[in-house]
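Chains, contacts and geometry: an overview
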2 protein chains.
Amino acid sequence: MLDYEGKVVSVAVRVSATSIVDAVANDLRARILQGGLSTKISLTETETATTYDVARPTAKAAIEKLVAEGLLVRGAHKTARVAELGPDSVRDIYLARAYLESEVLRRLASVRAVPAGAVRANLDIAAVSGGSAMDVVEPDMRFHTCLIDAVGSERISKIYRSLVGEVRLCMTRVQSLNLLDTGLIQAEHQRILELLADGDGQAAALLLDEHLGRARERLVEAIGGTAGPEARLPSSLIPL
Amino acid sequence: MLDYEGKVVSVAVRVSATSIVDAVANDLRARILQGGLSTKISLTETETATTYDVARPTAKAAIEKLVAEGLLVRGAHKTARVAELGPDSVRDIYLARAYLESEVLRRLASVRAVPAGAVRANLDIAAVSGGSAMDVVEPDMRFHTCLIDAVGSERISKIYRSLVGEVRLCMTRVQSLNLLDTGLIQAEHQRILELLADGDGQAAALLLDEHLGRARERLVEAIGGTAGPEARLPSSLIPL
DNA sequence: ACCTTGACGATTGTCTAGCAAGTATTCACG
DNA sequence: CGTGAATACTTGCTAGACAATCGTCAAGGT
């Protein structure tokens with residue numbers, strides 16, 4: 001269950017000599033993001049310790065790591081659970097995303113920078129057009145992450161990554177991910193890249209606001225909240 | 001040394017029933033931000049445990065908390081030290097600040113929102129005009145924090161607070177804080193607030209970029225780097 | 001003289017064991 | 001059926017210990 005065979009062969013094939021608590025935290029995070037853990041079941045320290053065959057302080061540290069990341073929530077003397085992430089949290093996460101990405105687009109457009117990774121990610125979105133809707137999540141995330149990383153700021157990238165973790169967390173809550181048309185996503189991404197090449201940061205930021213706002217309200221609706229007006233399609237792209 | 005008398009009276013006067021590790025982390029953070037700890041001295045786990053009279057895992061948790069905040073750095077099996085924060089780190093921190101605050105100003109201007117707390121903070125800056133240069137740091141920080149908090153996003157505020165912690169950390173490295181004229185700071189803040197009231201987000205964002213860019217390069221120069229061209233005064237405000 | 005290697009101290013990572021305190025559940029009783 | 005107390009469970013924290021690793025430094029070989 002853990003990619004860590006015993007304790008003696010800590011350095012065998014992998015160059016990454018991750019600590020035990022990191023290994024536990026990583027596997028736990030993967031299980032959470034994959035949706036294997038519901039918000040109802042409780043993540044006891046002793047329970048996680050026994051499942052991973054580690055001591056309780058180690059499991060405790062791993063849990064606290066994930067709590068700091070926002071994927072788990074825990075009160076004092078209370079057992080940890082997977083974060084709830086209701087409609088208000090989703091809106092807050094997407095608002096923070098929009099703040100970061102809007103400004104990033106403006107600054108990228110001011111130097112007419114079109115990140116190569118984003119172009120490739122958008123091509124990958126088109127490639128999986130026929131597959132499952134879940135397969136589009138990864139390239140979609142990669143597109144936005146590449147935009148953020150293009151500014152070359154260590155802290156901005158770190159901040160965005162924590163937000164992405166929460167986004168993926170609330171996406172696992174939605175089983176049917178047919179929230180958006182793949183073609184629409186790809187087309188809007190393409191337009192954003194074009195606007196970057198044109199140096200029109202203002203238009204790119206506005207389009208991104210639309211893009212994220214629609215995804216946000218669709219996600220809110222899928223979680224159980226009431227979708228806002230941003231959920232509707234743009235008038236120029238409504239299918240006949 | 002710790003506002004926590006023994007272990008039995010965990011709830012005595014303070015309403016804040018902080019845990020022991022939080023109390024240690026808070027006091028440690030205060031000492032770091034106050035400049036009481038240099039980057040040269042090493043923060044050993046056992047050392048911290050003995051000074052605060054707690055067990056080693058408790059001190060370890062507190063140290064790891066501060067490492068996660070970015071105030072301490074520590075490699076594997078290596079002792080923790082106060083973060084170095086050279087010129088490149090300072091530029092990265094201020095870049096992230098600028099990204100967040102620029103977009104915040106744009107959105108605040110779009111609804112012509114002028115946060116009352118920011119107005120008050122700027123008045124406080126003018127009030128301490130005759131005092132020490134160190135006294136202007138607190139209202140200055142408060143001005144910018146109020147702008148961020150005005151958008152009402154829990155995550156954006158949290159993100160910004162972590163950046164502010166790092167800013168204050170590298171400010172403690174500079175003993176002589178005569179980096180900027182108090183009058184200039186106050187005047188630019190005032191102009192930003194006016195632009196918010198006018199709804200001109202673009203101009204507010206540009207002025208903020210100048211404002212932060214100048215502070216950033218002055219700070220870079222003060223800690224040993226070579227200041228960029230942003231350090232100079234605006235042509236309209238150069239004193240005769 | 002320089003480089004490699006070995007040893008040693010210091011520090012961290014992890015474990016075991018346990019006690020105290022707080023929370024949640026359950027069960028008896030009115 | 002509702003309420004309060006007893007109980008089990010979980011967490012917060014401590015003490016002690018051992019292994020692994022890093023840094024330094026000295027000894028030895030080339």
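These numbers were taken from a predicted model, which means no experiment stands behind them. (Residues numbered from 1 in each chain as written. Chains lettered and ligands numbered in written order. Predicted model: local features only at pLDDT ≥ 70, side-chain atom pairs only at ≥ 80, totals over all residues. Heavy atoms only, no water.)

**Here's the deal with the protein's contact with DNA strand D**
The line we're drawing: We call a residue near a molecule or strand whenever a single non-hydrogen atom of that residue lies within 4 Å of it. Contacts described as polar in this section are N or O atom pairs within 3.5 Å, which, within protein, must combine one atom able to donate a hydrogen with one able to accept it, while residues neighboring in sequence count only if both atoms come from side chains. A run of H or I in DSSP counts as a helix once it spans at least four residues, and a run of E counts as a strand once it spans at least two, with each numbered from the N terminus. Under the scheme applied, nonpolar residues are Ala, Val, Leu, Ile, Met, Phe, Trp, Tyr, Cys and Pro; charged residues are Asp, Glu, Lys and Arg; polar residues are all the others, including Gly.
Neighbouring DNA strand D are 19 residues, the closest being Arg56(A), Lys60(A), Ser19(B), Ile20(B) and Thr58(B). Within 4 Å of the protein, the contacting atoms of DNA strand D are drawn from sugar and phosphate to the extent of 80%. The backbone of Ile20(B) places a nitrogen or oxygen atom 2.5 Å from a phosphate oxygen of DNA strand D. Residue Ala55(B) places a main-chain N or O atom 3.4 Å away from a phosphate oxygen belonging to DNA strand D. Counting only elements with at least two residues in the surface near DNA strand D, the list comes to helix 3 (56-69) of chain A together with helix 1 (20-34) and helix 3 (56-69) of chain B. Considered class by class, the residues forming the surface near DNA strand D number 5 nonpolar, 7 polar and 7 charged.

**What about the protein's contact with DNA strand C?**
In the vicinity of DNA strand C there are 19 residues, among which Ile20(A), Arg56(A), Thr58(A), Arg56(B) and Lys60(B) approach most closely. Each atom of DNA strand C within 4 Å of the protein was assigned to sugar, phosphate or base; sugar and phosphate come to 76%. The set of elements that each furnish at least two residues to the surface near DNA strand C consists of helix 1 (20-34) and helix 3 of chain A together with helix 3 of chain B. With 3 residues, the top contributor of residues to the surface near DNA strand C is helix 3 of chain A. Here the residues of the surface near DNA strand C sort into 6 nonpolar, 6 polar and 7 charged.

**Brief notes about the side chain of Glu101(B)**
Residue and element names in this part refer to chain B. Let me state the cut-off plainly: The contact rule is simple, with two residues in contact once any of their heavy atoms fall within 4.5 Å.
Considering the arrangement of structural elements, one finds Glu101 in helix 4 (residues 87-110). Polar side-chain contacts of Glu101 include one of 2.6 Å to the side chain of Tyr160. The residues touching Glu101, leaving out its near neighbours within four places in the chain, are His144, Ile148, Tyr160, Leu208 and Leu212.

**Quick look at the interface of chain B and chain A**
To keep it simple, the criterion reads: Note: buried area is the sum, over both parts, of the accessible area (probe 1.4 Å) each one loses when the two are combined. The term salt bridge refers to a pairing of a side-chain nitrogen on Lys or Arg with a carboxyl oxygen on Asp or Glu at a separation within 4 Å.
Listed as interface residues are 23 residues of chain B and, on the opposing side, 23 residues of chain A. Taken over both partners, the interface formed by chain B and chain A buries close to 2100 Å², and the fraction arising from carbon and sulfur atoms is 54%. Here chain B is connected to chain A by 8 salt bridges. Across the pair Arg155(B) and Glu166(A) runs a salt bridge whose closest N-O atoms are separated by 2.9 Å. Put simply, chain B and chain A have 14 residue pairs in polar contact (both at pLDDT 80 or more) between them. Going through the elements one at a time, helix 4 and helix 7 (154-172) of chain B are the ones with two or more residues in the side of chain B that touches chain A. A class-by-class count of the residues in the side of chain B that touches chain A yields 12 nonpolar, 3 polar and 8 charged.

**Thoughts on a nonpolar patch on the surface**
Here is the rule: Two joining distances apply to patches: 9 Å for like charges and 5 Å for nonpolar side chains (Val, Leu, Ile, Met, Phe, Trp, Tyr), and every residue must have over 30% relative accessible area and no salt bridge. Reported accessibility uses the Shrake-Rupley method at a 1.4 Å probe radius. Residues are deemed covered only where the shown protein chains occlude them.
Together, Val114(A), Val119(A) and Leu123(A) make up a nonpolar patch on the protein surface, roughly 220 Å² of accessible area in all. Mapped onto the elements, Leu123(A) comes out in helix 5 (residues 116-127).

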